[in-house]
Amino acid sequence: MTQQRVLIWDRIDANRRSSRLLVLAFAAVLLPVVAYLAMYLMVWVAMALGLIAVGFGLADAVSGDSGFAVFAAVDAALSVLILLAVAYLLFRFASAIVLRLAGARPVTQAEEPDLWRTVENLCIGAGLRQPRLYVVESGAANAFATGLDPARASLVVTRGLMDLLDRRELEGVVAHELAQIANYDTRLGTLLAVGVALLRLPLGIVIAIFRFLFRIHWAVGWGLLLYLGLPMLATIPFGLSLVDDMFAEDTLLGVLFVFSMLLPFYVFLGAPAIAYLLRTAVLRQHEYLADADAALLTRYPEGLARALAKMGGAGSEGLRVGAATAHLYVVDPLPSDSMLWDRIFSAQPPLDQRIAAVAAMGGGVPPSVIREAEEAGARFRSAPPPAVAAPAGAPAATNGRPDPVEATPTRTAAAATTFRLTGASTLYGTPDAASPPVGQLASGSLITVLEGAGDFLRVLTSDDRFAYLRRMASMEAVEQPAVAESAFTDPEVEVLVEPDDRRGG
Amino acid sequence: MVPIIIAVVIGVIVLIAFVMVGIYNGLVRSRNRVGEAWSGIDVQLRRRASLIPNLVETVKGYAEHERETFEEVTRARSMVEQAGSAGEAAGANNMLTQALRHLFAVAENYPELKASTNFMDLQKELSDVEEKIAFSRQFYNQNVLDYNNRIQTVPNSMIARNFGFKEAEFFEAEEEGRAEVKVEFGSQD
């Protein structure tokens with residue numbers, strides 16, 4: 001544990017260092033873009049004012065030697081000013097921008113008591129100040145954290161996440177986010193998000209315009225593309241033919257000419273590519289490390305493993321997420337049909353590797369559990385509860401599912417697997433009699449049997465703990481629907497107890 | 001030659017002094033962190049204790065002749081409130097847990113009590129506090145481990161001994177409700 005702590009401090013330092021370097025790197029990448037825009041701005045301002053004389057004067061000045069120097073100096077000064085302003089705004093409004101982009105809404109304790117309690121408790125365990133809580137009203141299951149330091153962090157979960165996960169699983173996801181807040185991953189991630197968004201802006205605007213035109217009619221889109229694109233392509237050979245003459249006349253002028261020809265390409269393609277590469281380079285192991293921290297904090301890696309599997313199965317369709325903020329989320333939120341360009345540069349490690357790493361911590365998680373969680377996620381995707389559903393855990397969420405054939409057998413199965421112990425029995429954390437017991441159940445306690453595991457039964461206790469019980473423990477079946485309701489605080493648990501034969505069919 | 005030796009000696013002494021000040025400050029910081037973590041547990045223990053009178057009154061309303069159980073709970077509660085050290089508090093808290101378990105076992109025999117919303121609310125709140133105690137215990141013990149490791153290892157131990165840094169007590173729960181987790185990394189690049 002001590003080593004773990006040292007590791008965390010190291011990571012905090014590393015993240016702070018990376019954040020500073022990142023801002024510098026973004027500034028360097030941004031400078032030509034800003035210079036380009038500032039140049040345009042100057043010409044536009046002159047034209048907009050209608051001061052033709054000034055416009056001519058500018059043209060005169062550019063052709064003259066000293067005039068050129070003045071022009072360059074003004075452009076440089078303007079660029080640096082804009083850059084400083086952008087950097088300030090970036091720091092000041094980074095998390096607000098990210099929250100706005102995601103469409104997150106702040107929630108209070110009264111609105112989401114379960115989520116609030118989960119976050120509150122885990123914060124106590126991590127010794128963190130409680131972050132502000134936000135909810136995205138979307139059926140997709142995902143979460144992220146943002147903010148420049150732990151004191152001003154925000155934690156965002158989707159409605160779908162709360163509907164999909166049970167309490168232990170939600171705990172795992174929240175712990176992952178808290179770990180990222182605590183070791184300053186969120187600072188790095190937030191700066192990256194805003195930086196990438198900024199550098200991707202010119203490309204994004206052009207793409208958005210053409211998308212819009214193509215939606216009107218394909219001919220309009222192609223028409224404008226050819227109208228703008230062909231002359232551009234045509235000028236390239238012409239420009240190249242000029243380059244030789246330019247260099248022959250004046251080397252500096254030639255360099256400047258080539259530079260100004262390449263600048264648009266850099267602004268629209270080069271800068272966003274560099275931004276994506278920076279992101280991939282910076283965020284390599286961070287998700288794995290945060291997963292490990294989450295397992296340490298909750299002391300229950302299986303929760304996070306199941307949560308990741310469920311989220312992988314459910315996908316993130318319908319989530320409003322830009323390519324720039326994708327790396328902040330717990331699991332990759334970009335749909336598989338998003339632009340190739342954005343998928344190549346995904347900063348998320350493969351989900352199955354993460355699940356395997358988490359499942360290997362602690363006692364190990366049986367593959368069947370992971371598979372079931374994935375299937376539960378896939379079912380959730382095909383039949384999600386209504387977009388603005390009742391609070392997570394309400395039985396209404398199950399009843400509200402459109403497919404009654406799916407819902408009814410699970411409920412009867414749930415009632416039939418509830419037992420009352422007729423003698424005291426020991427609870428184990430793993431299906432192994434040699435493992436340390438995790439608790440004692442008194443005679444008369446209610447349990448729900450989830451599945452068999454060798455000589456043991458995997459059970460859910462009435463106080464919401466998952467544990468293993470010896471198969472020989474004496475118990476009697478209880479046929480009370482009311483018991484099923486009190487034992488199951490989440491519809492997804494019922495999905496877990498679905499009988500095996502249903503999976504085959 | 002002599003002035004150089006004197007300068008080197010003074011330099012070394014100053015260096016050692018700096019290192020010692022650094023170590024001392026680190027130990028103080030670590031000890032304060034333990035204290036801070038302890039206050040986190042203390043708040044939750046008090047919250048739990050403050051729920052007890054209400055709970056006892058509620059149960060009494062339905063099951064008045066379970067006097068022994070009530071006394072046991074009340075006794076355990078006052079022990080929690082009077083506990084001085086972490087070890088004492090942990091012991092008292094475990095006693096309270098036991099007593100509450102008896103109380104809830106008794107409650108099982110009174111269906112009306114079990115159905116009363118007041119009782120259910122209290123039960124829910126108690127389980128919330130117990131979870132918070134478990135989490136704050138985890139955080140506290142982590143800090144204690146860090147602090148104890150520091151003051152027991154060389155060279156910190158020499159300074160710790162001279163300046164009266166005492167080992168902090170762990171807050172031990174009677175049963176490990178939350179299993180330990182081993183974190184390992186295979187190769188997944």
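From a predicted model like this one, the values you see are computed outputs, not experimental measurements. (Residues numbered from 1 in each chain as written. Chains lettered and ligands numbered in written order. Predicted model: local features only at pLDDT ≥ 70, side-chain atom pairs only at ≥ 80, totals over all residues.)

1. A few points about the overall build of chain A
Stage number 1. Along its length, chain A carries 19 helices and 11 strands.
Stage number 2. When each of the 505 residues of chain A is scored for burial, the buried share is 40%.
Stage number 3. Within chain A, contacts between residues separated by at least 24 positions form 68% of all contacts whose residues are at least 6 apart in sequence. (Helix = DSSP H or I, 4+ residues; strand = E, 2+ residues; numbered from the N terminus. Buried ≥ 20, exposed ≤ 12 C-beta atoms within 10 Å, placed from the backbone. Contact = placed C-beta atoms within 7 Å.)

2. Details of the overall build of chain B
Stage number 1. If you tally the helices and strands in chain B, you get six helices and zero strands.
Stage number 2. Along the chain direction, N to C, the helices and strands of chain B fall in the order α-α-α-α-α-α.
Stage number 3. Put simply, chain B has 189 residues, and 25% of those count as buried.
Stage number 4. Across chain B, every contact between residues at least 6 apart in sequence was considered, and the portion connecting residues at least 24 apart equals 77%.

3. Here's the deal with the packing of helix H1 (residues 2-62) of chain B against helix H2 (residues 67-82) of chain B
Axis angle and axis distance: for two packed helices, these are the angle between their axes and the distance between the axes, and together they describe the pair.
Residues and elements named next belong to chain B.
Stage number 1. Running from N to C, H1 and H2 cross one another at 160°; their axes reach a closest spacing of 10 Å. Classed by the angle they form, the pair H1 and H2 counts as roughly antiparallel. Judged by the twist between their axes, the crossing of H1 over H2 is left-handed. Residues Leu 45, Ala 49, Ile 52, Val 56 and Lys 60 of H1 touch H2, and the partners they reach there are Phe 70, Val 73, Thr 74, Arg 77, Val 80 and Glu 81.
Stage number 2. Of the residues that constitute the contact of H1 with H2, the class distribution is seven nonpolar, one polar and three charged. (Axes fitted to C-alpha atoms, helices over the stretch in contact; angles between N-to-C directions. Parallel < 35°, antiparallel > 145°, perpendicular 65-115°, else oblique. Left-handed = near helix turned anticlockwise from the far one by under 90°. Nonpolar A, V, L, I, M, F, W, Y, C, P; charged D, E, K, R; others polar.)

4. Brief notes about the nonpolar core
Residues and elements named next belong to chain A.
Stage number 1. Counting residues in hydrophobic clusters, the biggest one holds 122 residues, and the most contacted among them are Val 156 and Leu 178.
Stage number 2. For this core, the element with the most residues is helix H7 (residues 185-216), which contributes nine residues.
Stage number 3. Excluding its chain neighbours within four sequence positions, the residues that come into contact with Val 156 are Leu 99, Ala 102, Ala 104, Tyr 134, Val 136, Ala 143 and Phe 144.
Stage number 4. Formed by 15 residues, the second largest nonpolar core is a distinct cluster that contains Tyr 428, Phe 456, Phe 466 and Leu 469. (Core = buried A, V, L, I, M, F, W, Y, C linked by C-beta atoms within 7 Å.)

5. Quick word on the environment of A:Arg379
All names here are of chain A.
Stage number 1. Summarising the element assignment, Arg 379 is placed in helix H14 (residues 367-382).
Stage number 2. Take Arg 379: there are 20 C-beta atoms within 10 Å of it, and that puts it in the buried class.
Stage number 3. Separated by 69 residues in the primary sequence, Arg 379 and Lys 310 place their C-alpha atoms 9.6 Å from one another.

6. Concerning the environment of B:Ala37
Stage number 1. Tracing the chain through its elements places B:Ala37 in helix H1.
Stage number 2. Along the primary structure B:Ala37 and B:Phe139 are separated by 102 residues, whereas in three dimensions their C-alpha atoms are 6.6 Å apart.
Stage number 3. Not counting residues up to four positions away in its chain, the partners in contact with B:Ala37 are A:Gly127, B:Phe139, B:Tyr140 and B:Asn143.

7. Notes on the confidence of the model for chain A
Stage number 1. Put simply, chain A has an average pLDDT of 74, and 75% of its residues get 70 or more.
Stage number 2. Taken as a whole, residues 480-505 of chain A scores under 50 in pLDDT and shows 51 contacts with residues more than four places along the chain or in a different chain. (pLDDT = per-residue confidence, 0-100.)

8. Looking at the packing of helix H10 (residues 286-298) of chain A against helix H13 (residues 351-360) of chain A
Residues and elements named next belong to chain A.
Stage number 1. Closest axis-to-axis distance for the H10/H13 pair is 10 Å, and the angle between their directions is 30°. In terms of axis orientation, H10 runs roughly parallel to H13. Judged by the twist between their axes, the crossing of H10 over H13 is right-handed. Contacts from Glu 287, Tyr 288, Asp 291 and Ala 295 in H10 reach Arg 354, Ala 357 and Val 358 in H13.
Stage number 2. Class assignment of the residues belonging to the contact of H10 with H13 gives a composition of four nonpolar, no polar and three charged.

9. Concerning unusual backbone geometry
Stage number 1. Residue B:Pro155 follows B:Val154 across a cis peptide bond; omega there is 5°.
Stage number 2. We note that A:Arg299 has phi near 55°; this positive angle belongs to a residue other than glycine.
Stage number 3. Structurally, A:Arg299 is set in the loop between H10 and helix H11 (301-314).

10. Overview of the pairing of strand E6 (residues 425-428) of chain A
Residues in a regular strand project their side chains so that they alternate between the two faces of the sheet.
Stage number 1. Pairing geometry for E6(A) and strand E7 (residues 437-441) of chain A, over four bridges, is antiparallel. Following the sheet pairing, A:Ser425 is matched in E7(A) by A:Leu441. (Pairing = 2+ DSSP bridges.)

11. Examining the sheet that holds strand E1 (residues 105-106) of chain A
Strand-to-strand pairing in sheets goes through backbone hydrogen bonds, with the strands running parallel or antiparallel.
Residue and element names in this part refer to chain A.
Stage number 1. Across the sheet, four strands lie side by side as E1-E2-E4-E3; this open sheet has mixed pairing. Sheet topology places E1 and strand E3 (143-146) at the edges, where each strand pairs with a single neighbour.
Stage number 2. Examined bridge by bridge, E3 and strand E4 (residues 154-158) share four bridges and lie antiparallel to one another. Residue Ala 145 lies in a different strand from E4, and its bridge partner there is Leu 155.
Stage number 3. Taken strand by strand, helix H6 (residues 167-182) contacts E3 and E4, and its axis lies near 20° from that of E3.

12. Focus: H13(A)
Because each turn of an α-helix spans 3.6 residues, side chains separated by three or four positions in sequence point in the same direction.
Residue and element names in this part refer to chain A.
Stage number 1. When we look at burial in H13, the residues that qualify are Arg 354, Ile 355, Ala 357, Val 358 and Ala 359.
Stage number 2. In this fold, the buried residues of H13 make contact with H10, H11 and H14.
Stage number 3. Backbone geometry just after H13 places Gly 362 at a positive phi near 70°.

13. Some points on the pairing of strand E10 (residues 466-470) of chain A
All names here are of chain A.
Stage number 1. For E10, the tally of buried residues reaches four of five residues, placing the bulk of the element in the interior.
Stage number 2. In the sheet, E6 pairs with E10 via two bridges, with the strands oriented antiparallel. Looking across to E10, one finds that Tyr 428 is bridged to Tyr 468.
Stage number 3. Here strand E9 (residues 456-461) runs beside E10; their pairing, made up of five bridges, is antiparallel.

14. Re the environment of B:Trp38
All names here are of chain B.
Stage number 1. Mapping Trp 38 onto the fold places it in helix H1.
Stage number 2. Among the residues examined, Trp 38 registers 21 C-beta atoms within 10 Å and is labelled buried.
Stage number 3. Apart from the residues within four sequence positions on either side, Trp 38 is in contact with Ala 86 and Tyr 140.

15. Structural notes on the confidence of the model for chain B
Do not read the predicted coordinates in detail wherever pLDDT is low.
Stage number 1. Averaged over every residue, the pLDDT of chain B is 86; the share at 70 or more is 92%.
Stage number 2. The secondary structure element of chain B with the lowest average pLDDT is helix H4 (residues 111-115) of chain B, at 86, and the one with the highest is H1(B), at 91.

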